[in-house]
Amino acid sequence: MAPSRNTQSSSSAVKSEPAAGAAPTGLYGEAHRFDASFRGPVRRRSCTDILCCLIFIIAILSYVALGIVAWLHGDPRKVLHPTNSYGQFCGQKGSPNEKKPILFYFNILKCANPSLLINLQCPTTQMCVSKCPDRFATYTEMQMQHTLSKSYWEYYREFCKPGFNNPYKPVSQVLRDEDCPSMLVPSRPFLQRCLPDFTSLNGTVTVANRTSFKDALETAHSVTELQHAAKGITGLVDTKELGMKIVEDYAKTWAWIIIGLLLSLAVSLIFILLLRFTAGLLLWTTILTFLLLLACGMWYCSMQLSRLRNTPGSDVAIVAVGMQTDLQVYLQLSQTWILLLVSLAVTEACILLMLIFLRRRVQVAIALLREASKAIGHIMSTLFFPVVTFLLLTLCISYWAVTAVYLASSGEAVYRVMSPDVSCQYANSTCQPESFNRSNVSTSASCQGSQCLFAFYGGETSYHRHLFLLQLSNLLLCLWLINFSLALEQCTLAGTFASYYWARRKPQDIPPCPLFSSFSRALRYHTGSLAFGALILSVAQLVRIILEYVEQRLKGVNVVSRFLLRCLQCCFWCLEKFIRYMNRNAYIMVAIYGKNFCTSAREAFFLLMRNVVRTAVLDRVTDFLLFLGKALIAGGVGVVAFFLFTKKIPVFQEEVPSLNYYWVPLLTVVFGAFLIAHAFFSVYAMCVDTLFLCFCDDLERHDGSPGKPFLMSPQLHRVLGKSSQSHR
């Protein structure tokens, strides 16, 4: 009878734990009562949140209709190809511009006009050409040279309006009618547009080795004016060259990148298998290894600082160096190593403090991960369910991107008045090129030199006036579908792991095909509930995106407005995190009990509050341990990739190609390895949350007596029981 008394005494202690560690039961609902027929996820259930399910189905059909309408009205060529001043595509097959794929600006100096920031259109005539100018020339020079050689005019007219063939027309009239550009500047194509060909000569920026030039009216201009007109062009050209080198590196190393990703997949699987049998030892080893690597990193940083202490130029600030593609530049600066040393030291200190003051919670988190390893070990198919989610997310994001492009390219060509004088009263108003010269605009004193140029694609119909709202709808529906896909994964995994927990004999009593059964239940009965929770989260995310967009548009306004926007962004960020947390627990209750979303969310919240001490045990410690595992896998694979791509592994020195930037494939492998590890460990995180809620429910339903035995493992009960008692 002694064992019986021990059992009863321990059960009475367990029954008293919620009262000691949580709020009074009545404040957060009644505790679940014993039910001898309860065997885990309810099998006989009905559809929940039917109205929201119908709305979700209608929204999907509307989304399909929106895509069809956008496909009928849109034309991606308007985005892919540049458009001249007449709304014609450059390089379009079957058109007069088929062999003219490049856009040429008559007077690129006008692109420095302030109206460019308002209209997003350079106020000068733009023509489609077959090639960019390769020399300096003016219209006046052309007229003088034409008397000696007609070839000079034949070259110059390539950049004039189609059909213009009068080299004797006075310069003033040519410039007034914009028949030809007043000057030609050596250029090269970038993003299918002719932009000045800047070069550096002895530290001075030049164009064709010249620092100044004159236009047709003999007005002197400097290359600095060209730089100002084409602000950021030099950076964009460098970006293009950088992009070409990156593509080249990818082409050389794609096979090695795939090998690295496969290696990370294998390491992740091995890590998970080891968790199944040696969870405690492996996690403590992971923590200590991470601490050791941080200590080695700090030692290495201090050694580099000592080496650079007397090196000339090492005291230059990183800000002064600017953006460099060669990482070796930063490694020669003392400030770089100081920042790395401080970062590593702070990280090391945070982990050590957590181990000292939260060691009990770390032990509890390890116990939960050990139990999760057993559950996943019995249902290994759960590890591959994220692949289904990945395919769904890829489909949603791809559909959104294609629809957004077609919406953006909807409509007919819209022409606006472009004036070099910002005081022109007709500036930015709609016009028609055919009748512009006969309108009041061309004769207005304040609008001299104004032109009717192509501005964008749009229209005056109801469809075109509401394109912005359609883009917002496209974004909201995309967010809704993405969050629904994630909710479906969470509910499916929750139902699967709940089937494991509530099985009295493991694994004999685990239902056959628990993953497929849980997936079919979630999709058949609870589509409305999942859609409801996903919609709430999507609205919060959309508001955050709109606030960020408004903040970007209000740059430069008063500080108070931006401060209020930042406060709103912070509030909605917190709201989004809270909704995510509540949705996650609500989906677990939906998977177990089959009730609607609101009821499940309320019961999950009350259950957590009735076990608030145990909930505090799980705050972020488990996620942090899983993050260490992901970081260790990604970092380990990254170290191997670093030695491989820098040719420091003798065996593979001949096989590894020479690269422009070794960090391109290296970062790709590290990021891909982290994502692969995250996909596997996200299953663990969901398993831990499900087992924890089931554990809390188990304590309320059962008391550990022979008639009401606990379904949790003795180790889990012992650790969580001690945890709650230690917080009294």
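Described below are features of the structure shown in this document. The structure presented is a predicted model; accordingly, all values stated were derived computationally and were not measured. (Residues numbered from 1 in each chain as written. Predicted model: local features only at pLDDT ≥ 70, side-chain atom pairs only at ≥ 80, totals over all residues. Heavy atoms only, no water.)

From N to C terminus, the chain includes 25 helices and 12 strands. For the chain, contacts bridging at least 24 residues in sequence account for 73% of all contacts bridging at least 6. Here the chain has roughly 37,400 Å² of accessible surface; of this, 65% comes from carbon and sulfur atoms. (Helix = DSSP H or I, 4+ residues; strand = E, 2+ residues; numbered from the N terminus. Contact = heavy atoms within 4.5 Å. Areas by Shrake-Rupley, 256 points an atom, 1.4 Å probe, with all protein chains shown as cover.)

Since one α-helical turn is 3.6 residues long, residues separated by three or four positions face the same way. Taking 1.5 Å as the rise per residue, helix α20 (residues 559-593) with 35 residues should run 51 Å; its terminal C-alpha atoms sit 51 Å apart, in good agreement. In the stretch just after α20, glycine 594 is the one whose phi turns positive, near 70°. (Expected span 1.5 Å × (residues − 1).)

On the secondary structure map, serine 334 appears in helix α12 (residues 334-357). A relative accessible area of 15% places serine 334 in the buried class. Sequence separation between serine 334 and leucine 308 is 26 residues, and the spatial gap between their C-alpha atoms is 6.4 Å. With residues near it in sequence (within four places) discarded, serine 334 still touches Leu305, Leu308 and Ser314. (Buried < 20%, exposed > 50% of the residue type's maximum accessible area, 1.4 Å probe, protein only.)

The tally for this structure, following the rule as stated, stands at four cavities of 30 Å³ or more. What lines the largest cavity is simply Phe104, Tyr105, Phe106, Asn107, Ile108, Met183, Leu184, Val185, Ser187, Cys194, Leu195 and Pro196. Looking at the lining of the largest cavity, the elements that each hand over two or more residues are β1 (102-105), β4 (183-184) and β6 (193-196). With three residues, the single largest contributor to the lining of the largest cavity is β6. Along the lines of polarity and charge, the residues of the lining of the largest cavity split into 10 nonpolar, two polar and no charged. (1 Å grid on protein atoms, 1.4 Å probe; cavity = no way out; pocket = protein on both sides within 12 Å on 5 of 7 lines; lining within 4 Å. Points joined across faces, edges and corners; volume = space filled by probe spheres on them. Nonpolar A, V, L, I, M, F, W, Y, C, P; charged D, E, K, R; others polar.)

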